[in-house]
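Summary of structural features
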Amino acid sequence: MPVYTVTMSRGTLNGETKAALAAEITTIHSAVNHVPSTYVNVLFNELAPSNVYTDGKPAHPLIINGWVRTGHSDEQTTALVTQVADAATRITGIPAERVLVIIGNSPARFAIEGGRILPDPGQELAWLAATTEQSSGSR
């Protein structure tokens, strides 16, 4: 359900660091928003260094855009953005001044996963149970 896109200049992170950051983002999101880790998607988008600018000048930021369903409290979202930013700095070694984390949201009904409209926060177990029932009924 949630999608995190990590954008940086090509070659900024190696595979091991990407895996560690993806695992930590997954753990944080799952704990803060009380959802199974299987819902969390983390993507890495590497751009040519000539395509990344800050203040109109070539730069090397680490930008993490997260999308979540509307309905999580402001406290949850603040915890999420803070913990993800801290983890990004700790795991990658990139200074906090170069890390930007943004969490955006929209209603669950604006997204589809597995052919089904996503559930509102708090309705995940019922949604998952219905998915399991559909899968076993189609065999």
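Bear in mind that the values here come from a model prediction, so they are computed numbers and not experimental data.

1. Considerations on the UniProt feature "domain: Tautomerase cis-CaaD-like" (unreviewed entry) in the protein
Under the present numbering, the feature "domain: Tautomerase cis-CaaD-like" (unreviewed entry) in UniProt falls on residues 1-125. Annotation note: span residues 1-125, helix share 32%, strand share 30%, distance between end C-alpha atoms 13 Å.

2. A few points about the pairing of strand S5 (residues 62-69)
Two faces belong to every sheet, and in a regular strand the side chains alternate between them. S5 sits mainly inside the fold: six of its eight residues count as buried. As paired elements, strand S1 (residues 3-9) and S5 share five bridges and run antiparallel to each other. Directly across from valine 6, in S5, lies its bridge partner isoleucine 64. Note: S5 against strand S6 (residues 99-106), eight bridges, orientation parallel.

3. Some details on the side chain of threonine 92
Its location among the elements puts threonine 92 in helix H2 (residues 74-92). For threonine 92, a relative accessible area of 17% corresponds to the buried category. Within the structure, threonine 92 has its side chain in polar contact with the backbone oxygen of alanine 88 (distance 2.5 Å). Of note is the side chain of threonine 92, whose polar atom sits 3.1 Å from the backbone nitrogen of isoleucine 94. Contact partners of threonine 92, with chain neighbours within four places excluded, come to Leu13, Thr17, Leu21, Leu62 and Ala87.

4. Looking at the sheet that holds S6
Here four strands make up an open sheet; going across it, the order is S2-S1-S5-S6 and the pairing mixed. Bordering the open sheet on either side are strand S2 (41-47) and S6, each of which pairs with just one other strand. Recorded for the sheet is a direction-independent mean angle of 15° between the axes of neighbouring strands. Docked against the sheet, helix H1 (residues 15-33) engages S1, S2 and S5, running at close to 140° with respect to S2. Running at roughly 145° to S6, H2 makes contact with S1, S5 and S6 of the sheet.

5. Section: the pattern of salt bridges
Working definition: two side chains of opposite charge can pair if their charged atoms are close together. Under the criterion given, the structure shown has four salt bridges. Residue aspartate 55 pairs with lysine 57 through a salt bridge whose shortest N-O separation is 3.2 Å. On the basis of relative accessible area, aspartate 55 is assigned to the exposed category, the value being 64%.

About the cut-offs
Residues numbered from 1 in each chain as written. Predicted model: local features only at pLDDT ≥ 70, side-chain atom pairs only at ≥ 80, totals over all residues. Heavy atoms only, no water. UniProt positions renumbered as here; feature names shortened; annotations may be inferred. Helix = DSSP H or I, 4+ residues; strand = E, 2+ residues; numbered from the N terminus. Buried < 20%, exposed > 50% of the residue type's maximum accessible area, 1.4 Å probe, protein only. Pairing = 2+ DSSP bridges. Polar contact = N/O pair within 3.5 Å; in protein donor to acceptor, adjacent residues only side chain to side chain. Contact = heavy atoms within 4.5 Å. Axes fitted to C-alpha atoms, helices over the stretch in contact; angles between N-to-C directions. Salt bridge = Lys/Arg side-chain N within 4 Å of Asp/Glu carboxyl O.

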